[in-house]
Structures are given as C-alpha cells and as structure tokens.
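Each chain, letter by letter, is given below.
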Protein chains: 2
Amino acid sequence: MVSQKQFDPASGTRDFLAAEHERRERAFATIREVFGRYGFQPLQTPAFERLEVLTGKYGDEGDKLIFKILRRGEHEATGEADLALRYDLTVPLARTVAAYGNQLPSPYKRYAIAPVWRADRPGKGRFREFVQCDLDIVGSSSPLSDAEVVLALHDALDALGVPGFRFLLNSRRVLFGLLEAYGVPADLGPGALITLDKLDKLAPEQVVAELVTGRGLAEEVAQGLVDDLTAPDAVERIRGELKGSETGQAGLAEIDRLLRLTKDTIPAERIAFTPNLVRGLDYYTGIIFEVSAPGMPGSIASGGRYDNLIATLGGKDAPACGGSLGIERILPLLDHGDADGYAQIDVAVTVMGEELAADTFRLAAEIRRAGVRTGVYLGASGKFRTQMKWANDQGARFCVIYGAAERDAGTVTVRDMESGEQTPFPLDQAATELARRCARPH
Amino acid sequence: MVSQKQFDPASGTRDFLAAEHERRERAFATIREVFGRYGFQPLQTPAFERLEVLTGKYGDEGDKLIFKILRRGEHEATGEADLALRYDLTVPLARTVAAYGNQLPSPYKRYAIAPVWRADRPGKGRFREFVQCDLDIVGSSSPLSDAEVVLALHDALDALGVPGFRFLLNSRRVLFGLLEAYGVPADLGPGALITLDKLDKLAPEQVVAELVTGRGLAEEVAQGLVDDLTAPDAVERIRGELKGSETGQAGLAEIDRLLRLTKDTIPAERIAFTPNLVRGLDYYTGIIFEVSAPGMPGSIASGGRYDNLIATLGGKDAPACGGSLGIERILPLLDHGDADGYAQIDVAVTVMGEELAADTFRLAAEIRRAGVRTGVYLGASGKFRTQMKWANDQGARFCVIYGAAERDAGTVTVRDMESGEQTPFPLDQAATELARRCARPH
C-alpha cells in the first residue's frame, strides 16, 4: 500500500473540491461585480515572467521567496533559471503599463484576482499558492482616485458581508511631517518609519529603544514620537504637532479630503484617521490605509498612493494608487450559508434497464434544456433502492423515475427526495414542472 | 530608451487585456453552465505538483516539455528541481481521485478549466501557457457515461455557437478487431495503430510503407488495412471484416449504442461512425472521438474511454471516460458580436471643480447602487471638452454633468453620448433613470 501522503498536493498548496471551489468563486464574482461597477477593468498576465522582470523588485528577503523555473533542454544541466512564477500582481501591472501604454485607457483602472506563488514556509493559513485581489489606478494624481480605491474596497467588503470591518487611514505626509516637527534628519526618516510600524507588535519602550540604537534618533525625540502616536488623544496631539509643518498640513488635508469624499458611502464608524498606521513598505507617498476586522489579527485589506513605484518596477513614471483585499484571510470570516448543502444536481434521473436508456436520456436532455441541473444514474445496478441512495447522495431535490410502467402510461414519476412523496406527470410536462419546482431565488 | 521587447510577456505566454479577457471568460462561463447542468462538478488543483507526480507520465517527449521549478534556499545551488508546473489536467485528476476517494461522489463527474504549461516551441497558435477544458467520469463503466461525455461536449460546442462542428466516432475495439481480422499479432497492434493514426497527414502509400518497415506488418496486410480504412465505403467494409471478430463486434455494438443514446440531442449530420479515426494515444480502451470544424485543421475536441489510465497515473484502478475541448482553438472560431465595442463603463460622471467633488461622488455611488457601471472623471482638467473626450474614450453611453448650475437647480444633466442630446433630471431621480436607460437584455 502506498501512503496517503503520496497523493497530497505539494506542500503549501491546496486542492479545491467542488463546494470550496464554488464558495471561493462566488466571493471572487462578488468582488468583480463591485470593481466593474466602478469602471475598473480586468487584466490577466501569465503565471510566469522572465526572471529578470521579477528579481531585485522585492528586496533580498522577497527575492529568496521567488519560485524559479529551470531552463529546459540542453540548458537544463546548467541548473540555471530563466523564468519565475509571479510573486505579486504589481510587477506584472508595471510591466503591462510599460508594454501597452497607449492602448490602455487613461487613467488605467485595473483589477486582478489571481494566484501568486511564494516559497514561504507553509503554516496555518499561510500558503505557497494563494490568490491576490488587487485594484489600482495608474496615471491619476487626483485625490478622487485615492477615494475611489477606498470606496471600491469598502463596497466589496460590504458586498461580501465581512462583519465589523474598519478602515484605518493615514498619510505618509503626516508621518514625514511629524518627523520634521521633531527635527529628525530626512535621511533617518524612512528607517524610523519602519521601526514605528512595529508599534502594533512591540511594547512602546522596545520601539523607543530600536529608534535610538537602530535608527540613530535622540532618546527624547524617540520617546516623544512614541508617546504621541500611542496616546489616547493621538489625533489631537498630532494635529497640534503638525501646525508648523507644510508636509504635515498637506497630509492632514488629504486625509480630511478623503473622509469628506467618502462620507456618504462609508459610515463614520467604519473609517478613522489613525496616526500610528505606518505601513512597512517604503514606496507609499501619500494616503495609506489598512482594514481591520474583529477576530482576524493583522489586516484584511490595505493600500495607498505610490507615485514612484511603477517607474521603479520598470514601468513608465506614473502617479498611482491602489489597494488589495487579503482574500485568503477574508474568506474564513464569511458566513457560508449553504456550506454543508453543496448539491451537485437538482434532479436525479433513474435508469431502469438498458432498453429504457435512450428514452431516459432524452427526458434528461429536456429537463436540462429547461435549465435544471440533472444527473442520470451511471452505475451498474438496476435496483430501485440503490438508485435512490445515489440520488440522495448527489443532493438531488427530486428524482425522476421512468420504468416500464411509466413508459406504458406515457408518464414519469417525480419523487420529492425530502418528503418521499411521489407524483405522476405526463411525460411531456415533466421538464416544465421540474423547472418550476427547482427555480431558485437569486 | 529601453526596447519594447523588454516589457513583453515571456515567450509563448500572453497578457489578456480587458476585452480579450472578458471574451474568454464568457466562453468559459458558457461551458461551466453546460457541464454543471449535466451534474459535473469543478475541481481545482494547484499550478504545480511535486516533480515525481508528473515525470514518467507523458513519455520521453512529454517529459522534456515539463517546466521544472528549482529548489530553493540552500538547495538552489544544486540546480535540481523538486516541483513542476502541471502539464495537463489528467494527472492531477488521477492524484485527486487517489487522495480523496471516499469524499468524492461515485461516479466522480468532474470538469476543470484551467491553464497548463508546456515548454513547447512557441509558434502561431501554439502557446506555453494555455487553457485546457476537460470533463471526465471516473468510476463508471456504463456506456451511458460515454454518451454523457459526448452529449455534454456537444451541448457546450452548441452553446458556444461553433459553426458546423462534427463528431467523428470510433472504438478502439473496432480497430483491434480489424487487426485481429487481418491476423496481425497482438504485440504489433499498438504500434500499427500509431502508424494508422497518420492517415490524415500522410499519403496512403506512405502509411503502408511505415506499417511494413516500421511496424513489421506483411505488405498485403498493410495494404488491405489502409484500403479498408480509406475507402469511400469504409463503414460497410469494416462492418463486413469484423463479422468474425468478437472484439470487433463489441466495438460496433458500443458505437451503435452511443449513436442511439445521443440521437435525440445530436442531429445525425453532426456525428458519424468514422472507422479511420485512430487517436494516437494508446491509453484508450473503448469509444474514441474527435470533433472537427470547418476552417480549423485538426480537431477542436476529443476524448474517449480509458479504463486503465487512472491506475497507470498513480490513482486507484477505476474505469473512466472523458473528453476535452480545445478551447484555445475554439475561441478564434467564435463570432465575437461586441469585439470592438468593449465598454469599461456605461455612465461617465464629470467633476466640475473640487467643491462639487463630494456631491459628485455621492451621485456616482447612487448610480452604482442602481447596478450601473459608473466612472468618475479622475483627471486634472476642469474643461468640459476634455471630460467629454474622456467619457467618449471610456465607451460610456451616457454622461452625467453636474456643475454649479445643476447644483443650484437641484438637477443633473444627462447627455446621450451617441446623439449628443442633453436632458435635465431632478437629482434624486437620476440614478433610477440611468439604470432604466442602461438596462441590458440578457
């Protein structure tokens, strides 16, 4: 006997059987519908890119997580790679913007819902193949674009039915203004922000220590920054500190503007200026946000404005903003109404003997043409009880019995699988009747 | 300046921009709908498998076309691979059947529409990343299963609107019976069939020559076989030759049964017993078929019964049959009604100044909530003409103009982008009115 392990999918990947697959696809369809209503359009790029398109874009740590594809044929023996599986959807976007510039609408509003691959250590809820769900606007520096990204993500989370989610909103300009107000030299800024981003994981004194020893800030500056950002009245404190900083004022203005632009769609309790939101990635240039949800540590969505990233990634220089739904983290939060009730078919059709098979097939075809998911018994048993068990196992709501008696009478017998009630119908009315009974509300 | 080439997708792969992506997705949705109506259920497996799951399954030529993934971390330097991109959807099916046996319905009727990767030399219409579209029934030896596969593929091609397609039908048992009738030793049979499969590419005398020199058949046997299979009255000839062969009779019986089971759904001109259909793959054990279509050399779909394959591929021993739509070859045959008219949005909303932006956003949100795809102008220009050009470029059918005059009057102006006609509407009726105008027939 071979071990079961032999047939498992590769480490960190998953097989999706029908029920789970359809649950995921339903969520993706909901998101696509919302993004489409905002005028975002889909983009699909290949699973792999030329290796040089990907390397050097994700930092040293990221580069190590790229799945590289071995050269082929006579070159295989070199042990070298020339292709790699995509690591995210942003680098392919940058490549696409560079490749198709003039063919794309301006601004280019695109979404992508597709798997990416990372050679991370697999763990609970961490996969090597997982779906990312991005939307971005390339080519617009308008604050309306930031607001539209936030609105579209909000509507998607709302349509998915994620309970209790909340947007945390900040601007990189607020953070830079704050550093400016504290007199932190510009070259120490980005490092200081990376450390301040740890305020949600480390104790405040640990962050202060790292700012001093690791980032070169003066003790009193570090303490002041951490005190401000962790105070219960952080928002008021920060607004006060930023009075003299032009950058800081611009940051506050863009936050206030975004709150104003979204206030009719996003209830006030679902979005708030959150000065201690930093985001570790240093490519953000303006608005930044994360979405939190009860019962899920970390964020379920995030994004912001990144005006220089497309150029850095090899695309043309273009202002851009965008966001991403952490769909693999969101899916477990959703209430799957019919999770246990996955039904392969609505109607099961018995086959009572070879000589009735052709008529049975025609009957099944008629029921399908009426739009009903219909399965015909494909087993070897002629026993009624065996076929009923099969119909039941398939989750069928009705079973159609067509035996010699029915043939002679020109009828079919329709069995309600729940009540067991059996009703005869004229053969030529069966399809319509079953379509009526199986009609599902949408 | 960098060359454009730098931004192309990797050789043999494609980027799908919105219009093409949606065209493909529409075709896939049509196919899923048909397969679902037959009670087939989706299965999704990972893009890559452990290398040993794939190697040795596709023959020497196939093995060379597998994209292998380099080991990672400290093992990268070995130049060895431990994973590989899936080469088809059948080996993952066999693995899945082995892994989830008891959790799957019996028989297991599954479909999969997903990309596969082959390191083939890219060429016109030949890609390294392409979508396969398979449906299979595992665990049923009933002839009803073969018929159901053929019917579901037929209905899918019909629903897609492929013009003039035709099923060519045969049975491996007919072919083995024919070899038996001609006294070809059993061990020469499979080789002889591989050569006979070339009758659609080579001249008859070339096939005869290869049968003699390459496959060890007697000249007169080779000539007789080729004459029978290429004769205008091949069907009658073969039926005659098979009179004394039990295998051949069984083959003819399964063909006749399939024709009987499908005759009410598949018009007679769309399916025919075709004795010279051989199919090169030697794993078929019963019914085999291909689908041809005018204007497309080769086949656009194919399949058959393969009772030993699942076990050979590492799964459990299970009878099986299935078929595959050559969707990449089918897509170019379809009439794309709206190919040139891809519209990102139905309604474009102008933004006439920063102070109107919040109201404009609320208006756009209302129109979206009414189910209409709506874009807001995200550019920097306040000029009416520029915004009209943008609305036009987006393919919008209507443009909503909301300026100071409209605000003061509590109205919006709706412009029909085709006629240029402008009509004022009360602000609170605009969304309903636009939804009515944009309602699309399904």
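Residues numbered from 1 in each chain as written. Chains lettered and ligands numbered in written order. Predicted model: local features only at pLDDT ≥ 70, side-chain atom pairs only at ≥ 80, totals over all residues. Heavy atoms only, no water.

The following threshold applies: UniProt positions are given in the numbering used here, feature names are shortened, and annotations may be inferred rather than shown by experiment.
By the naming in an unreviewed UniProt entry, chain A goes by Histidine--tRNA ligase and is assigned to Streptomyces clavuligerus. Taken from UniProt, the Subunit (unreviewed entry) comment for chain A reads in full: "Homodimer."

1. A look at the interface of chain B and chain A
Where we set the bar: We call two residues in contact whenever any of their non-hydrogen atoms come within 4.5 Å of each other. Accessible-area loss on putting two parts together, using a 1.4 Å probe and summing over both, is the definition of buried area adopted here. A pair is scored as a salt bridge if a Lys or Arg side-chain nitrogen falls within 4 Å of a carboxyl oxygen belonging to Asp or Glu.
Each partner contributes to the interface: chain B provides 93 residues, whereas chain A provides 93 residues. For the pair chain B and chain A, the two sides together bury roughly 7,800 Å², of which 57% comes from carbon and sulfur. Across the chain B-chain A interface, the total number found is 10 salt bridges. Note that B:Arg260 and A:Glu354 form a salt bridge whose closest N and O atoms lie 3.8 Å from each other.

2. Some points on the packing of aromatic side chains
In this description, a pair of aromatic rings is defined by centroid distance and the angle of the planes. Counted only if it meets this: Between 30 and 60 degrees the pair is tilted, below 30 it is stacked and above 60 it is edge-to-face, where a pair is any two Phe, Tyr or Trp rings, Trp via its six-membered ring, whose centres lie within 6.5 Å. Segments assigned H or I by DSSP are reported as helices when at least four residues long, segments assigned E as strands when at least two residues long, and all are numbered from the N terminus. Note on exposure labels: buried denotes an accessible area under 20% of the residue type's maximum, exposed denotes more than 50%, and partly exposed covers the range between, all computed with a 1.4 Å probe on protein chains only. When the NZ atom of lysine or the CZ atom of arginine is within 6 Å of a ring's centre and also within 35 degrees of its normal, the charge is said to sit over that ring.
For the structure on display, the rule yields 18 aromatic pairs over all chains. Between the aromatic rings of A:Phe48 and B:Phe67, the centroid separation amounts to 5.1 Å while the plane-to-plane angle is 55°, which identifies the pairing as tilted. Here A:Phe48, found in strand E2 (residues 48-50), pairs with B:Phe67, found in the loop between helix H3 (59-64) and strand E3 (68-70), and the two come from separate chains. As far as burial versus exposure is concerned, A:Phe48 and B:Phe67 are alike and both buried. Measuring from centroid to centroid gives 5.4 Å for A:Tyr377 and A:Trp390, while their planes differ by 70°, and the two rings are edge-to-face. In this pair, A:Tyr377 sits in the loop between strand E13 (374-376) and helix H15 (384-393) while A:Trp390 sits in helix H15, placing the two residues 13 residues apart along the sequence. The same class applies to A:Tyr377 as to A:Trp390, namely buried. Grouping aromatic residues by their ring pairs yields a cluster made of A:Phe35, A:Phe40 and A:Tyr111. Sitting above the plane of the A:Phe40 ring, A:Lys109 keeps its charged end 5.0 Å from the centroid. For A:Arg118, the ring lying beneath its charged end belongs to A:Tyr87, and the centroid distance is 4.0 Å.

3. A look at the environment of A:Ile310
Residues and elements named next belong to chain A. Its location among the elements puts isoleucine 310 in helix H12 (residues 309-312). Residue isoleucine 310 is classed as buried on the basis of its relative accessible area of 0%. With 216 residues separating them in the primary sequence, isoleucine 310 and alanine 94 have C-alpha atoms 5.2 Å apart. If sequence neighbours within four positions are ignored, isoleucine 310 has contacts with Leu93, Ala94, Val97, Val138, Gly315, Lys316, Ala318 and Ala320.

4. Describing the side chain of B:Arg128
Heads up, the rule is: Neither His nor the chain termini are counted; the positive set is Lys and Arg, and the negative set is Asp and Glu. Residues adjacent in sequence count toward polar contacts only when both atoms are side-chain atoms; beyond that, a polar contact is any pair of N or O atoms within 3.5 Å, and within protein one must be able to donate a hydrogen and the other to accept it.
Note on placement: B:Arg128 falls in the loop between strand E5 (108-117) and strand E6 (129-138). Although B:Arg128 is buried, it makes no salt bridge; A:Asp82 carries the closest opposite charge, 5.9 Å away. Among the polar contacts made by the side chain of B:Arg128, one reaches the main-chain carbonyl oxygen of B:Asp120 at a distance of 2.9 Å. Dropping the residues within four chain positions of it, B:Arg128 is found in contact with A:Arg72, B:Ser11, B:Gly12, B:Phe67, B:Val116, B:Trp117, B:Arg118, B:Ala119, B:Asp120 and B:Pro122.

5. Things to note about the relation of the copies chain B and chain A
This is how the line gets drawn: The superposition of copies rests on a least-squares fit of C-alpha positions from residues with pLDDT of 70 or more in both.
Each copy of the sequence occupies a distinct position, and chain B is placed on chain A by a rotation of 180° and an axial shift of 0.0 Å, giving an RMSD of 0.0 Å. Seen this way, the second copy is the image of the first under a two-fold rotation axis. No C-alpha of chain B approaches the rotation axis more nearly than that of B:Gly79, which lies at 1.8 Å. An overlap of 100% is found between the interface residues of chain B and their copies at the interface of chain A, pointing to a shared contact surface.

6. A short note on the packing of helix H6 (residues 172-181) of chain A against helix H11 (residues 246-262) of chain A
Two quantities define a packed helix pair, namely the angle between the axes and the distance from one axis to the other. Residues and elements named next belong to chain A. As a reminder of what qualifies: Axis lines are fitted to C-alpha atoms, over the contacting stretch for helices. Their N-to-C directions set the angle, which ranges from 0 to 180 degrees. Between 65 and 115 degrees an angle is taken as roughly perpendicular, under 35 as roughly parallel, over 145 as roughly antiparallel, and anywhere else as oblique. Should the near helix be turned counterclockwise from the far one by less than a right angle, the crossing is left-handed, whereas a clockwise turn marks it as right-handed.
Two numbers describe how H6 lies on H11: the axes approach to 7 Å, and their chain directions differ by 155°. With respect to their mutual orientation, H6 and H11 come out roughly antiparallel. Crossing of H6 against H11: the hand is left-handed. Contacts between H6 and H11 pair Arg173, Val174, Phe176, Gly177 and Glu180 from the former with Glu246, Thr247, Gly248, Ala250, Gly251, Leu252, Glu254 and Ile255 from the latter.

7. Describing the domain arrangement of chain A
Inclusion rule: Domain delimitation follows an automatic or database domain assignment.
Splitting chain A by domain gives domain 1 (11-333) and domain 2 (343-438). One C-alpha centre belongs to domain 1 of chain A, the other to domain 2 of chain A, and the line joining them spans 52 Å.

8. Digging into the sheet that holds strand E7 (residues 166-171) of chain A
Residues and elements named next belong to chain A. So the rule is basically this: Strand pairing is assigned whenever DSSP detects at least two bridges linking the two strands.
Taking strand neighbours across the sheet as the criterion, the 8 strands line up as E1-E5-E6-E11-E10-E9-E7-E8 in an open arrangement whose pairing is mixed. Unpaired on one side and paired on the other, strand E1 (41-42) and strand E8 (271-273) mark the two borders of the sheet. Bridge count between E1 and strand E5 (residues 108-117): 2 bridges; the pairing is parallel. Looking at the pairing, proline 42 lines up with tyrosine 111 of E5. Helix H4 (residues 90-100) rests against E5 and strand E6 (129-138) of the sheet, and its axis sits at about 40° to E6. Relative to E7, H11 is tilted by about 150°, and along the sheet it contacts E7, E8 and strand E9 (287-293).

9. Remarks on the nonpolar core
Applicable threshold: Buried Ala, Val, Leu, Ile, Met, Phe, Trp, Tyr and Cys residues that are joined via side-chain atoms within 4.5 Å together make up what is termed a nonpolar core.
Ranked by internal contacts, the top residues of the largest apolar core, which has 274 residues, are A:Phe35 and B:Phe35. The residue makeup of this core includes at least three contributed by each of domain 1 (11-333) and domain 2 (343-438) of chain A. Excluding residues within four positions of it along the chain, A:Phe35 makes contact with A:Phe40, A:Tyr111, A:Cys133, A:Leu135, A:Ala152, A:Leu153, A:Ala156 and A:Leu325. B:Ala10, B:Ala47, B:Leu83 and B:Leu85 belong to the second-largest nonpolar core, a separate cluster that totals 18 residues.

10. Quick notes on the sheet that holds strand E7 (residues 166-171) of chain B
Strand pairs in the sheet, formed through backbone hydrogen bonds, run parallel or antiparallel to each other. Residues and elements named next belong to chain B. Ordered in space as E1-E5-E6-E11-E10-E9-E7-E8, the 8 strands form an open sheet in which the pairing is mixed. Pairing within the sheet leaves two strands with one partner each, and these edge strands are strand E1 (41-42) and strand E8 (271-273). As judged from the 5 bridges shared by strand E9 (residues 287-293) and strand E10 (residues 296-305), these two strands associate in the antiparallel manner. Residue isoleucine 288 lies in a different strand from E10, and its bridge partner there is glycine 304. Where helix H6 (residues 172-181) meets the sheet, it contacts E7, E8 and E9, and its direction lies at approximately 50° from that of E7.

11. Description of the UniProt feature "binding site: L-histidine" (unreviewed entry) in chain A
Residues and elements named next belong to chain A. When the UniProt feature table is mapped to this numbering, "binding site: L-histidine" (unreviewed entry) covers Asp88, Leu89, Thr90, Arg118, Gln132, Asp136, Arg279, Tyr283 and Tyr284. These annotated residues cover 197 residues of sequence, and their C-alpha atoms reach 22.5 Å apart at the extremes, leaving them scattered rather than at a single site. Its location among the elements puts glutamine 132 in strand E6. Its relative accessible area of 14% is what places glutamine 132 among the buried residues. Non-local contacts of glutamine 132, meaning those with residues more than four positions away in its chain, are made with Asp88, Leu89, Ala112, Ile113, Ala114, Val116 and Arg118. Checked against the element boundaries, tyrosine 284 lands in the loop between E8 and E9. Taking relative accessible area as the criterion, tyrosine 284 reaches 7% and is therefore assigned buried.

12. Quick notes on the packing of H6(A) against helix H7 (residues 189-196) of chain A
All names here are of chain A. Interaxial distance between H6 and H7 falls to 11 Å at its minimum, and their mutual angle equals 110°. Judged by the inter-axis angle, H6 sits roughly perpendicular to H7. Handedness of the H6/H7 crossing: right-handed. Here Arg172, Leu175, Phe176 and Leu179 of H6 come into contact with H7, specifically with Gly189, Ala192 and Leu193.

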